[in-house]
Amino acid sequence: MNKARPFGISKEIVWDAYKRVKHNKGTYGVDEVSIQDFEVDLKDNLYKLWNRMSSGSYFPPPVRTVEIPKKSGGKRPLGIPTVMDRIAQMVVKMYLEPKIEPIFHPDSYGYRPGKSAILALGAARQRCWRYNWALDLDIKGLFDNLDHTLLMKAVRKHTDCKWILLYIERWLKAPSQLQDGTIKNRDKGTPQGGVISPLLANLFLHYAFDVWMRKNYPQIPFERYADDILVHCRTEERAVMLLAAIEARLADCKLELNLTKTKIVYCKDSDRHGSYPNEKFDFLGYTFRGRDSKDRFGRKCINFAPAVSNEAAKRMRRFMRKWRLHLRSDKSLLDLSIRINPVLRGWINYYGRYHKSRLYPVFNRLNQTLIRWAMRKYKRFDNRSQRRAGYWLGRIANQRPSLFAHWRIIRPTAGR
């Protein structure tokens, strides 16, 4: 063993970690060094990181903390490590993940290779048909409240590698730097935004929730995407009992349910009668509720099914407004499509998986914006020619339906 470098970390894995971090993009940390800045002296920076990690002398700098809006309102702290620290975390993740990935529960879907939110939604959709009741669980600030002692106990269960344990402990203790420059020490939690944090959070909840459910309630199915959890029950009484048991279990693990957002939901459809306070829930950007449908014989019925949530639709419209397309009369339709199509395809691939028609209002708004763009760009369409501009754009959509990704779903019509 090299006494100067007691830890056998290969230079190749540091290089691979850098490539992954670059692919994931991201902004600068407390040192204000971007990926582009880091690459100015790339060879020396990567050697420096490898040398420090191999010798045990690497200490993570404070984590830059910014506040981002939460879907439910308010703000959530997001921790942004430096570029070098993200590479270091990726090195540890690349060593540790293959050791613990095989033990994860099949219904844990978040931040895992081969798993996705779409798979979680599909499983939830099927189970809501078979089970009358669903527990919609909301954990208060998972990333901010992970107990360090319990987390390291879980990590040690799967590795005795000294340098992996050393650096994870250092990352857990690394302070955060607030937006006003204040340094805040950390005695619990792991920064949401760190490369290693999702893996650690998954490992923590694997033992806090997944294994506990498998041991105590093996017949009760669930879907977990990080801290978004759905549990399915056949009766309301069972759901009430299980909610109390889960609350107690999470308290034992020093986590807390947000009881204002956690709820017991009746999955009401044509075969399920009665009226209950909660008959819908949101999960991963979709709203599950009773929807008009047809059975296999073509008869009208109510089916408990997912479709894009109102909140997700609002976020898409807000994002589109930021494009300010109607003011880009200096650009051609092709220019606009090249700019926005990658985003549109992402939305369609995700939110169009179930009840695609619920995206019509969102993309109708986009079509109206393109009509306004045409009226601004071409003098023959004045403020009184919105209908003519709509017909003109509609003809283009019929001739070139693939020009904009959303035209495969809904094409422009004459403006009103």
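To be clear, the structure that these remarks concern was listed above.
Residues numbered from 1 in each chain as written. Predicted model: local features only at pLDDT ≥ 70, side-chain atom pairs only at ≥ 80, totals over all residues. Heavy atoms only, no water.

**Examining the pattern of salt bridges**
Alright, step 1. If you walk through the whole model with that rule in mind, you get 12 salt bridges.
Alright, step 2. Taking the shortest distance from any N to any O, the salt bridge between Arg112 and Glu101 comes out at 2.6 Å. Note that Arg112 is positioned in the loop between helix H4 (83–100) and helix H5 (117–130) and Glu101 in the loop between H4 and H5, a separation of 11 residues in sequence. Summarising the burial analysis for this pair, Arg112 and Glu101 share the class buried.
Alright, step 3. One connected set of salt bridges, linked through shared partners, spans Asp107, Arg127 and Glu223. (Salt bridge = Lys/Arg side-chain N within 4 Å of Asp/Glu carboxyl O. Helix = DSSP H or I, 4+ residues; strand = E, 2+ residues; numbered from the N terminus. Buried < 20%, exposed > 50% of the residue type's maximum accessible area, 1.4 Å probe, protein only.)

**Some details on the environment of Gly394**
Alright, step 1. Mapped onto the elements of the fold, Gly394 is located in helix H14 (residues 386–399).
Alright, step 2. As for Gly394 and Pro412, which are separated by 18 residues in sequence, their C-alpha atoms are 5.0 Å apart.

**Points about the environment of Leu165**
Alright, step 1. You can see Leu165 is positioned in helix H8 (residues 162–173).
Alright, step 2. With a relative accessible area of 13%, Leu165 lands in the buried category.
Alright, step 3. Sequence separation between Leu165 and Gln126 is 39 residues; the distance between their C-alpha atoms is 40 Å.
Alright, step 4. Filtering out sequence-adjacent residues up to four positions away, Leu165 remains in contact with Met152, Val155, Arg156, Thr159 and Asp160. (Contact = heavy atoms within 4.5 Å.)

**So, the nonpolar core**
Looking at soluble globular proteins, one finds that nonpolar side chains tend to be buried together.
Alright, step 1. Membership of the largest hydrophobic core comes to 74 residues, with the highest contact counts inside it found for Met53, Ile87, Trp163, Ile168, Met213, Val231 and Ile246.
Alright, step 2. Ignoring sequence-local partners within four residues, the contact set of Val231 consists of Trp133, Ala134, Leu135, Leu137, Phe209, Met213, Ile220, Pro221, Phe222, Leu242 and Ile246. (Core = buried A, V, L, I, M, F, W, Y, C linked by side-chain atoms within 4.5 Å.)

**Quick word on unusual backbone geometry**
Alright, step 1. Unlike most non-glycine residues, Ala226 shows phi in positive territory, near 55°.
Alright, step 2. With respect to the element layout, Ala226 can be found in the loop between strand S6 (222–225) and strand S7 (228–233).
Alright, step 3. You can call Ala226 buried: its relative accessible area is 8%.

Coordinates in, geometry out; function isn't part of it.
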